[in-house]
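Residue strings, one per chain:
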Amino acid sequence: MLERRTLLRTAPLAATGLLLPGCATTLAAPPRGTPCPPRVNVAANRVIRTVAGLRPCRASGFVVRAEALGTKRLIHNYGHGGAGITLSWGTSRLATNLGLPGMTGPVAVIGAGAVGLATARLAQEAGFAVTLYAKALPPHTTSNIAGGQIVPTGHYDEDRVTPEWQRQYRAAMDYSWRRFQIMIGDDYGIHWVPTWQTGPIRTDGDDAWLLAYQPALAQFAQGQHPFGDGVMRRFDTMYVETGRYLSRMIADFQRAGGRIVVRDFASPTDLVALPETTIFNCTGLGSHHLFGDTELTPVRGQLAVLLPQPEIDYAYGVSEGYMFPRADGIVLGGTWERGEWDATPQASDIDGIVRSHARVAANWTCPA
Ligand SMILES: Cc1cc2nc3c(=O)[nH]c(=O)nc-3n(C[C@H](O)[C@H](O)[C@H](O)COP(=O)(O)OP(=O)(O)OC[C@H]3O[C@@H](n4cnc5c(N)ncnc54)[C@H](O)[C@@H]3O)c2cc1C
């Protein structure tokens, strides 16, 4: 049940610690006298909220593809599984590159999660007038639930993807990585955080290319890190405080002249009636019903959020679960529940999450 881990393909690099051959990767021990990192104060009475969301998972990966819808051009951009914040800018860039050339006139984007908002902004940046249609707006989207780690985790099954899809994936990761970096800071709620993961750095596997997205990667033997038994590795990555980020994205969209219409589309026929001739489908899990994509499966994730603890300046992912420190609280994950359509936190699962992380805190061992 604990994640960010696989069902579909799991954090290719966060989970396996692959190493780019020939890369100058540090295999460092902490300097002598390294202070003990502060411990998370895990207790049931520090939980300030619990949340649950449904990841839009597809074994054959996200869909970025164009098709004709009557006289209109429809571009799909959905199905990002556990990596929809991470890949949002990248797949949106692929989608707009596919959909906008040769088109004139206003654009419709369906969906106001991280993917729809990135698509809408890219279309505006390309000079198009955009209307965003969505059944639900932030803060009522799955994107608001996400922990917001920029690592592509749990979004495909290795046996089901094509070389062409892999090419899209690499291009998407590259653009997202660059785009989030120019949004670093409190405005968008995006920060670099050192991140500990269980297990050694490894040099094998098809996902070695992802090590380019693990700066400052280093490996620590037992006794050199605070997580008790075993080898750990650490790298830096970005974390997105999703509530702040999405509200800022909405503000950017409106400031650039974007129009928002709250509307629930029941079928593609409803889309045909829109005045716009270019339509981007960014409905996430909504595409299961709207476009009959039955491969799209919900994977429920539940989180417990503790009172903020500003001194916690690292994240971790261990067998007990993951912890992301954010200004709006210490995010404790989580669950990975395939085929579950009910987005309601379950008290017993939340209790299990808190108890798992309490074990991490109880076993905290200061490095020698
Ligand atoms: C617990 C949890 C933790 C996660 N952690 C991470 C993480 O650390 N990093 C990461 O990268 N990802 C993470 N994810 C995954 C991420 O949340 C999703 O991949 C991402 O939110 C998908 O974004 P989206 O914009 O496609 O979908 P959504 O955010 O679901 O937005 C879909 C939009 O489409 C609209 N819509 C749907 N159907 C219709 C319709 N018929 N008519 C009109 N509008 C419609 C909705 O109202 C909404 O506005 C996590 C997910 C969960 C649940």
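Below, the structure is looked at part by part. (Residues numbered from 1 in each chain as written. Predicted model: local features only at pLDDT ≥ 70, side-chain atom pairs only at ≥ 80, totals over all residues. Heavy atoms only, no water.)

Evaluation of the coordinates by the stated rule reveals 17 aromatic pairs. Seen from their ring centres, W196 and F220 are 4.8 Å apart, and the 55° between their planes marks the pair as tilted. Pair noted here: W196 is in strand 6 (residues 190-198) and F220 is in strand 7 (residues 218-220), with a separation of 24 residues, a long-range link. The exposure class assigned to F220 is buried, which follows from its relative accessible area of 3%. Look at Y322 and F324: their rings are 4.5 Å apart centre to centre, the planes differ by 25°, and that puts the pair in the stacked class. By way of ring pairs, the aromatic residues F62, Y156, W165, Y169, W177, W192, W209 and Y213 are connected into one cluster. The ring of Y188 carries R248 above its face, with NZ or CZ at 4.4 Å from the centroid. (Phe/Tyr/Trp six-rings, centres within 6.5 Å; stacked < 30°, edge-to-face > 60°. Helix = DSSP H or I, 4+ residues; strand = E, 2+ residues; numbered from the N terminus. Buried < 20%, exposed > 50% of the residue type's maximum accessible area, 1.4 Å probe, protein only. Lys NZ or Arg CZ within 6 Å of the ring centre and 35° of its normal.)

What follows covers the pattern of salt bridges. If you walk through the whole model with that rule in mind, you get 17 salt bridges. One salt bridge connects D252 with R255, and the closest N-O pair in it is separated by 3.4 Å. You can see D252 and its partner R255 sitting in helix 6 (residues 242-255), 3 residues apart, about one turn around the helix. For D252, a relative accessible area of 9% corresponds to the buried category. Relative accessible area serves as the criterion here: at 60%, R255 is assigned to the exposed category. Residue R326 pairs with D328 through a salt bridge whose shortest N-O separation is 2.9 Å. (Salt bridge = Lys/Arg side-chain N within 4 Å of Asp/Glu carboxyl O.)

Below, the discussion takes up the nonpolar core. Counting residues in each nonpolar core, the largest one holds 50 residues, and the members touching the most others are W89, F180 and Y245. Looking at this core, the elements with two or more residues in it are helix 2 (88-99), strand 4 (107-110), helix 3 (114-125), strand 5 (130-134), helix 5 (163-181), strand 8 (232-240) and helix 6. Those residues in contact with F180 that lie beyond four places of it in its chain are I85, T86, S88, W89, I150, I190, M238, V240 and Y245. Listed in part, the 22 residues of the second largest apolar core include V42, M232, I330 and I353. (Core = buried A, V, L, I, M, F, W, Y, C linked by side-chain atoms within 4.5 Å. Contact = heavy atoms within 4.5 Å.)

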